[in-house]
Each structure stands twice: as C-alpha cells, then as structure tokens.
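Structural features, examined
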Amino acid sequence: MKTLNVLALAGLMTLSGAAFSAQALERVRGTIEKADGGMVTIRTVDGATETVDVGGAKFAWVVKSSLDQIKDGVFIGTATKGENPMTALEVVLFPESMRGTGEGHYGWDSITDHTAAGGTAVKSSMTNGTVKAESGTPRVKSAMTNGTVKADTAGASGTKTLTVGYGKDGAAKTIEVPPTAPIVAFEPADKAILMPGSKIFAVVDKAGSKIEGKLIAVGKDGLTPPM
C-alpha cells in the first residue's frame, strides 16, 4: 500500500498548473452516479449529467483538515472572493509530492461560499503557494523559492491572515481565512474511490470527442470537496 501511495503521489505531481487554470480545462462538481470501467457518470450540482473518461486521470481523496495545519512550509491552494482583503472560500493542503502544483494567482470559477449565510455561489480566484511564518516566528529554509505564504497569528475573530507569494518576481496576495472557511487536504488514491453517492470534484478536458478526466478528487466519508 505504501508503494501505491508513492506512485499515486508521483502521478499527481505530473499535473502542472494547467490542470487548474488552463482555459481548455474545466471543473465539474457533483455526485457520482455510476462508475463503470474507465468511465464515471456525474450528476452535477446544476442537475446535468456528465460522463467522464478517467482512464488517464490522477486520483485523490479529499479529507478534512483544520486551520492549525496551515503551518510554515506547507504548500496550499485557496479559492478567494473579493479584494482588499481577499477572503478565502476554502483552503486545500497539498501533500509534499504535489508541491508546486498550480502555483500562482489566476481566475477560478463560481463556487459555493461557505463563509456566508445561505451558501450562494460567488465568483472566485485561485492562489497557490507555500506557507512561511511572519517575523517574530522562526523561519524555515526551503528549496522552493518561487511560492511562499506568510501566516500571521489568528485575530480575535479567529480569522488567520496569509501572505501568499508566487513566482520568481516576488508577487504576493494578502488573504484572510475566516474560521468558517472549509479546510481540506488531498491524499493519494486510485479509481477505487469512485463509489456511487460520493461527492466529486473533477478537472476535465472537453476539447475532444469525449470528456477526459485529468484530476479526480472524491470526498472521503461523505465530505463534499469545497474547491
């Protein structure tokens, strides 16, 4: 099993930022209706049906995590709303073997806002980077110099402020993470996770004659992937 996990993580690492931001790729969110061989049928959140070829896809569980796991040196991705400050709609902690995946700041699509009453869909952006402590906290050296997140201590409201850096030019975004923002992590998996009734997030390519899955992430133990 350990060998399988290593191979799965290595496969996930082959996904570039294009798997998250490229115009040709889209995101599909919903519930697995059926998994048959190399195909999975998804009932999307808007009630449509999508059948995705997952023969060449990479797989990951989405598991619960917590705000206190956003520590110095962790590579994260966060969808945000608004500006000045940007507010996290969710945070994903990546395993070490996925470090660098989707690094940068770019447009995302509309996702459910779990930080506000009503859970309506809002337009979002995505920022990926590596956590680095603010001054006053010991700093850890890293071989990755092209994406950092500086994490301030949480404020009185429980909100945590992150400075997310990306790229070699030192660009950065300041992001506030409220205590209501879902915090999750990716874990390596294989297509055995495609169980009917499970919630799914899929990065797909619709450019060809069939919908091809690139990244398939399934919520573990009933979890709905928030990204």
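Description of the structure in this document. (Residues numbered from 1 in each chain as written. Predicted model: local features only at pLDDT ≥ 70, side-chain atom pairs only at ≥ 80, totals over all residues. Heavy atoms only, no water.)

Some remarks on the overall build of the protein
Regarding its fold elements, the protein presents two helices and 16 strands. Among the 227 residues that make up the protein, the fraction classed as buried is 46%. Put simply, 59% of the contacts in the protein that link residues at least 6 apart link residues at least 24 apart. Looking at the protein as shown, the accessible area adds up to about 10800 Å², and 52% of this sits on carbon and sulfur atoms. (Helix = DSSP H or I, 4+ residues; strand = E, 2+ residues; numbered from the N terminus. Buried < 20%, exposed > 50% of the residue type's maximum accessible area, 1.4 Å probe, protein only. Contact = heavy atoms within 4.5 Å. Areas by Shrake-Rupley, 256 points an atom, 1.4 Å probe, with all protein chains shown as cover.)

Some remarks on the packing of aromatic side chains
Applying the stated criterion across every chain, the model contains three aromatic pairs. Geometrically, the ring pair formed by Phe75 and Phe94 is edge-to-face, given 5.5 Å between the ring centres and 65° between the ring planes. Here Phe94 lies in the loop between strand 6 (86-93) and strand 7 (104-107) and Phe75 lies in strand 5 (residues 75-81), a separation of 19 residues in the sequence. Each member of the pair, Phe75 together with Phe94, is buried. For the ring pair Phe94 and Phe186, a centre distance of 5.5 Å and an interplane angle of 80° mean the geometry is edge-to-face. Here the residue Phe94 occupies a position in the loop between strand 6 and strand 7, and Phe186 occupies one in strand 14 (residues 183-188), the gap between them amounting to 92 residues. There is no split in this pair, since Phe94 and Phe186 are both buried. These aromatic residues form a ring-pair network of at least three members: Phe75, Phe94 and Phe186. (Phe/Tyr/Trp six-rings, centres within 6.5 Å; stacked < 30°, edge-to-face > 60°.)

Some points on the pairing of strand 16 (residues 211-219)
The element strand 16 is extensively covered by neighbouring structure, given that seven of its nine residues are classed as buried. Sheet topology places strand 3 (residues 49-53) next to strand 16; two bridges connect them, and they run parallel. The residue of strand 16 that forms the bridge with Val52 is Ile211. Of the strand pairs in this sheet, strand 4 (residues 58-64) and strand 16 are connected by five bridges, and their pairing is parallel. Residue pairing across strands places Ala60 opposite Ala217, the latter belonging to strand 16. Two elements, strand 15 (residues 199-205) and strand 16, share six bridges in a ladder whose sense is antiparallel. Across the sheet, the residue bridging to Val203 is Leu215, located in strand 16. (Pairing = 2+ DSSP bridges.)

Without other data, these values stay purely geometric and don't point to any function.
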